[in-house]
Amino acid sequence: MLILGVPDLELTAEDAALYREVNPGGFILFTRNIATPEQTRKLTDDLRDLCGPDVLICIDNEGGRVWRTSPFGHSPPSAAQLRAKGDSLLISQAGWITGRQLRMLGINLNLAPVLDIDHHPDAGNALRGRCWGHTDQEVINNAGTFNRFQRKQGILGCGKHFPAGGRATLDPHRDLPRVDLSVDEMMRSDILPYTALMPELDAILLSHIYFPLLDPDQENLPSSLSINVVTRFLRNQIGYEGLVMTDDLDMGAIGKHFGTPQAARMAIEAGGDIALLCHEL
């Protein structure tokens, strides 16, 4: 029920012993884990040897500034740059190249595409340049194309940040955003990329945003820890049956209101499958 960050470029004996004991469902790589293609492939092979051939090995390779393999190569254009070109062929090539690279590196789950609608393009919400559209249909067309072509290379795709990360004006890495939006309002726009692309999403990543109209009785409850969001909305109302995972529980949105152990437990009790711990175990 855990996806863990890895401390360095290679595993120490202490790391290996810990992972054998914990037996996590997967790992996530950052630039701190990546120097060369050969070193990265050895790391993913070592992780797979420890935890089995089906372990998830994740990364955030969206394009643009969010491209964890940048230590040994330039990233493709960002979602916003590709969207501005309006060329589906370029988007399909970006998805194909992304998937091809990750497959060669031994990575099997890309935490992309972003399915947030770009409601606040100038806000400090960590999404600048990462959104595939200003409307739901634009996101469906562009993010769907990117995801389809990375999946053609055998890479699992993950839609994020459910349910409506593009509505936030604060950065959840720093603190908990609040969005006063009802389910009916979400269903008319922000949820449409998820429902349209649901058959092609291998996973959905939950945002750390407080929606008081969904959780009126629990002050400052992030959507990632909410049974109303995860089970009643995503699972039961929308009908999503795939993998559900939290965003990083080391973020300020969680740390300022919950301890990480408490948040990890709450995420699973809310109906999620996996808690994501990127930095501190």
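In short, a report on the structure. In this text the structure is predicted, and so the values were computed from the model without any measurement. (Residues numbered from 1 in each chain as written. Predicted model: local features only at pLDDT ≥ 70, side-chain atom pairs only at ≥ 80, totals over all residues. Heavy atoms only, no water.)

**Considerations on the sheet that holds strand 9 (residues 243–248)**
1) Next: In spatial order, the strands read 1-2-3-6-7-8-9-10; together these eight strands close into a barrel with parallel pairing.
2) Next: Taken together, the three bridges between strand 1 (residues 2–5) and strand 10 (residues 274–277) define a ladder with parallel strand orientation. Of the residues in strand 10, the one forming a bridge with Ile-3 is Leu-276. (Pairing = 2+ DSSP bridges. Helix = DSSP H or I, 4+ residues; strand = E, 2+ residues; numbered from the N terminus.)

**Here we look at the side chain of Thr-40**
1) Next: Locating Thr-40 in the fold gives a position in helix 2 (residues 37–51).
2) Next: Once residues lying within four places of it in the same chain are set aside, the contact partners of Thr-40 are Leu-29, Asn-33, Ile-34, Ala-35, Phe-72 and Leu-105. (Contact = heavy atoms within 4.5 Å.)

**Points about the packing of helix 1 (residues 13–22) against helix 2**
1) Next: Following both chains from N to C, one finds helix 1 and helix 2 inclined at 40°, their axes separated by 9 Å at the closest point. As judged from the angle between their axes, helix 1 and helix 2 are oblique. In the crossing of helix 1 with helix 2, the sense of the turn from one axis to the other is right-handed. Residues Ala-16, Tyr-19 and Arg-20 of helix 1 lie in contact with helix 2, whose contacting residues are Leu-47, Leu-50 and Cys-51.
2) Next: In the contact of helix 1 with helix 2, the residues fall into five nonpolar, no polar and one charged. (Axes fitted to C-alpha atoms, helices over the stretch in contact; angles between N-to-C directions. Parallel < 35°, antiparallel > 145°, perpendicular 65-115°, else oblique. Left-handed = near helix turned anticlockwise from the far one by under 90°. Nonpolar A, V, L, I, M, F, W, Y, C, P; charged D, E, K, R; others polar.)

**A few points about the layout of surface pockets**
1) Next: The volume enclosed by the largest pocket comes to roughly 430 Å³.
2) Next: For the lining of the largest pocket, the elements supplying multiple residues, two or more each, are strand 7 (156–162) and strand 9.
3) Next: Looking at side-chain class alone, the lining of the largest pocket contains 14 nonpolar, seven polar and nine charged residues. (1 Å grid on protein atoms, 1.4 Å probe; cavity = no way out; pocket = protein on both sides within 12 Å on 5 of 7 lines; lining within 4 Å. Points joined across faces, edges and corners; volume = space filled by probe spheres on them.)

**Considering empty space enclosed by the protein**
1) Next: Inspection of every chain in the model, using the stated rule, returns one cavity of 30 Å³ or more.
2) Next: What lines the largest cavity is Glu-62, Ala-79, Ala-112, Pro-113, Val-114, Arg-130, Trp-132 and Phe-146.
3) Next: Here the lining of the largest cavity is composed, by residue class, of six nonpolar, no polar and two charged.

**So, the pairing of strand 10**
Two faces, one strand: in a regular strand the side chains alternate between the faces of the sheet.
1) Next: With burial as the criterion, each face of strand 10 is covered, one bearing Ile-274 and Leu-276 and the other bearing Ala-275 and Leu-277.
2) Next: Relative to strand 10, strand 9 runs parallel, the two being bridged by two bridges. Its bridge partner lying in strand 10, Asp-248 is registered against Leu-276. (Buried < 20%, exposed > 50% of the residue type's maximum accessible area, 1.4 Å probe, protein only.)

**A short note on the environment of Arg-128**
1) Next: Turning to its location among the elements, Arg-128 is positioned in the loop between strand 6 (109–110) and helix 5 (136–151).
2) Next: For the pair Arg-128 and Arg-65, spaced 63 residues apart in the sequence, the C-alpha separation amounts to 9.6 Å.

**Description of the environment of Asp-180**
1) Next: By the secondary structure assignment, Asp-180 is in the loop between strand 7 and helix 6 (183–187).
2) Next: Since its relative accessible area comes to 48%, Asp-180 is described here as partly exposed.
3) Next: For the pair Asp-180 and Asp-273, spaced 93 residues apart in sequence, the C-alpha separation works out to 26 Å.
4) Next: Within the structure, Asp-180 has its side chain in polar contact with the side chain of Arg-178 (distance 3.2 Å). (Polar contact = N/O pair within 3.5 Å; in protein donor to acceptor, adjacent residues only side chain to side chain.)

**Examining the pattern of salt bridges**
1) Next: Per the stated rule, a full pass over the model turns up 15 salt bridges.
2) Next: Taking the shortest distance from any N to any O, the salt bridge between Arg-41 and Asp-45 comes out at 3.0 Å. Of the two residues, Arg-41 and Asp-45 are both situated in helix 2; the distance of four residues between them amounts to about one turn of the helix.
3) Next: For Arg-41, a relative accessible area of 34% corresponds to the partly exposed category.
4) Next: The salt bridge partner of Glu-269 is Arg-265, with a shortest N-O separation of 3.9 Å. Here Glu-269 pairs with Arg-265, and both are found in helix 10 (residues 260–269), just four residues apart, close to one helical turn.
5) Next: On the basis of relative accessibility, which here comes to 56%, the residue Glu-269 falls in the exposed class.
6) Next: Salt bridges sharing partners connect three or more residues here, namely Asp-60, Glu-62, Arg-68, Arg-130 and Lys-160. (Salt bridge = Lys/Arg side-chain N within 4 Å of Asp/Glu carboxyl O.)

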